[in-house]
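Remarks on the overall topology
Chain by chain, the residues:
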Amino acid sequence: MSERVSNHASPLPGDAAATRGKGGPTAPAAGAASQSPRKPFRVQHIAQAKERGEKLVMLTAYDAVTSRLLDEAGCDMLLVGDSVGNVMLGLDSTLPVELDEMVVCTRSVARGRQYAMVVADLPFGSYEAGPKQALASAARLMKAGANAVKLEGGRPRAKSVRALTQAGVPVVGHLGFTPQSVNMLGGFRVQGRGEQAAETLLRDALALAEAGAVAVVLEMVPEPVAARVTQECPVATIGIGAGARCDGQVLVWTDMAGMTGWKPRFAKQFGQVGAALTQAATDYAQAVRTGAFPTAEHWFEA
Ligand SMILES: Nc1nc2c(c(=O)[nH]1)N[C@@H](CNc1ccc(C(=O)N[C@@H](CCC(=O)O)C(=O)O)cc1)CN2
Ligand SMILES: CC(C)(CO)C(=O)C(=O)O
Ligand SMILES: [Mg+2]
């Protein structure tokens with residue numbers, strides 16, 4: 001059985017914590033005798049998935065603890081998104097996020113996972129000046145443990161995508177609504193509506209693929225347009241608010257897990273982790289105040 005299929009087998013069976021970190025990245029999961037062991041998801045598996053019609057699964061992650069949990073869930077790729085600005089830093093856009101901050105998050109996520117491929121966003125201002133700047137910034141993310149970088153934009157980025165690719169840095173593109181350009185795009189709006197805009201989007205995707213991009217994220221693109229790009233573009237598309245006919249899907253993990261009250265319309269809550277966390281903290285607070293915690297098992301005798 002192929003490597004790729006094994007990545008779709010259920011994640012670490014049994015007690016994942018017990019097997020974690022003991023045998024290195026290709027260690028077979030305990031009790032998986034009939035299945036081939038899960039192997040690290042690598043760049044060639046992206047093309048393999050598109051070819052076979054197997055969906056790519058990507059979530060964002062910003063720290064080691066979350067990285068470990070999402071890796072155990074069987075995610076193919078973890079995106080260290082500049083959405084860390086919105087989600088973790090309390091900002092209202094991704095623009096203020098610094099490369100130094102992305103480096104810290106990337107290092108944390110890379111340490112937390114075992115199998116998932118780590119893709120790190122190049123933040124606003126760290127690559128737009130051209131291939132030299134893009135390579136210098138990407139190198140910092142790769143040294144921090146990223147396996148690929150993501151950058152926003154189409155044809156104007158083609159030269160940089162080529163330079164990074166030739167330097168050994170896999171690049172994921174990002175088209176449609178590109179949050180770093182929110183000021184130019186005039187708000188959080190669907191992109192690629194209308195024949196001409198759709199054509200532009202397709203040309204941008206083809207240019208990124210031609211320049212060596214290994215995948216392209218499509219954000220807030222009309223469903224039929226994303227489907228057409230997916231069909232005509234030789235590299236995998238990963239959609240967010242772009243319909244089900246993309247080669248894969250990505251969501252911001254806190255949106256997916258139900259950590260916040262607000263979420264974009266394109267996100268779905270697959271759990272109520274926010275409510276669970278609040279409940280746990282409420283129980284803790286009550287236990288402290290009533291003296292129910294700690295008890296002897298949590299303290300030390302002389
Ligand atoms: N947490 C969260 N933060 C994010 C993203 C995310 O994925 N989730 N992704 C990036 C930003 N992208 C968006 C995309 C859309 C919106 C948005 O505000 N959408 C409105 C309006 C959309 C419309 O109809 O035009 C809605 O109701 O869904 C906000 C940030 C970075 N920050
Ligand atoms: C997931 C995605 C594509 C949303 O804009 C992203 O780039 C991020 O989280 O930073
Ligand atoms: Mg981003």
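Residues numbered from 1 in each chain as written. Chains lettered and ligands numbered in written order. Predicted model: local features only at pLDDT ≥ 70, side-chain atom pairs only at ≥ 80, totals over all residues. Heavy atoms only, no water.

Attention shifts here to the UniProt feature "binding site: Mg(2+)" (unreviewed entry) in the chain. The sites that carry the UniProt feature "binding site: Mg(2+)" (unreviewed entry) are, in the present numbering, Asp82, Asp121 and Glu152. Judged by maximum C-alpha separation, these annotated positions cover 71 residues in sequence but sit close together in space, the widest gap being only 11.0 Å. From the set just named, the residues that line the largest pocket comprise Asp82, Asp121 and Glu152. Along the polypeptide, Asp121 turns up in strand β3 (residues 117-121). Once residues within four sequence positions are removed from consideration, Asp121 is found in contact with Leu79, Val80, Gly81, Asp82, Met102, Leu141 and Lys150. Reaching out from Asp121, the side chain makes a polar contact with the backbone nitrogen of Asp82 at a distance of 2.9 Å. Mapped onto the fold, Glu152 is located in the loop between β4 (148-150) and α8 (158-166). In this structure Glu152 touches Asp82, Tyr127, Arg157, His174, Thr178, Pro179, Gln180 and Ser181, once residues within four positions along its chain are discounted. (UniProt positions renumbered as here; feature names shortened; annotations may be inferred. 1 Å grid on protein atoms, 1.4 Å probe; cavity = no way out; pocket = protein on both sides within 12 Å on 5 of 7 lines; lining within 4 Å. Helix = DSSP H or I, 4+ residues; strand = E, 2+ residues; numbered from the N terminus. Contact = heavy atoms within 4.5 Å. Polar contact = N/O pair within 3.5 Å; in protein donor to acceptor, adjacent residues only side chain to side chain.)

What follows is about the coordination of the magnesium ion (ligand 3). The protein atoms that coordinate the magnesium ion (ligand 3) are Asp82 (OD) and Asp121 (OD), at distances spanning 2.1 Å. With Asp82 in the loop between β2 (77-80) and α5 (84-87) and Asp121 in strand β3, this pair connects stretches of sequence that are 39 residues apart. Asp121 matches Asp82 in its accessibility class, with the two residues each being buried. (Donors = N, O, S within 2.8 Å, 3.2 Å for Na, K, Ca; no water. Buried < 20%, exposed > 50% of the residue type's maximum accessible area, 1.4 Å probe, protein only.)

Overall, Asp121 belongs to the buried group, its relative accessible area being 3%. A distance of 2.8 Å separates polar atoms of two side chains, one belonging to Asp121 and the other to Lys150.

The next point concerns the UniProt feature "binding site: 3-methyl-2-oxobutanoate" (unreviewed entry) in the chain. Here, UniProt's "binding site: 3-methyl-2-oxobutanoate" (unreviewed entry) annotation points to Asp82, Ser83, Asp121 and Lys150. Spanning 69 residues, the annotated positions come together in the fold, the maximum distance between their C-alpha atoms being 12.5 Å. Checking the named residues against the largest pocket, the ones that line it are Asp82, Ser83, Asp121 and Lys150. Topologically, Lys150 is positioned in strand β4.

Take the layout of surface pockets next. In this model, the largest pocket occupies a volume close to 690 Å³. Taken together, 33 residues line the largest pocket, and the ones lying closest to its centre are Ser83, Asn86, Glu219, Val252 and Pro264. Only α5, β6 (215-219), β8 (248-251) and α12 (253-257) provide two or more residues apiece to the lining of the largest pocket. Grouping the constituent residues of the lining of the largest pocket by class yields 16 nonpolar, nine polar and eight charged. Of the volumes computed, that of the second largest pocket is approximately 390 Å³. Taken together, 21 residues make up the lining of the second largest pocket; nearest its centre are Gly153, Gly154, Gly176, Thr178 and Leu185. Breaking the lining of the second largest pocket down by element, the ones donating at least two residues are β5 (171-176) and α10 (195-211). (Points joined across faces, edges and corners; volume = space filled by probe spheres on them. Nonpolar A, V, L, I, M, F, W, Y, C, P; charged D, E, K, R; others polar.)

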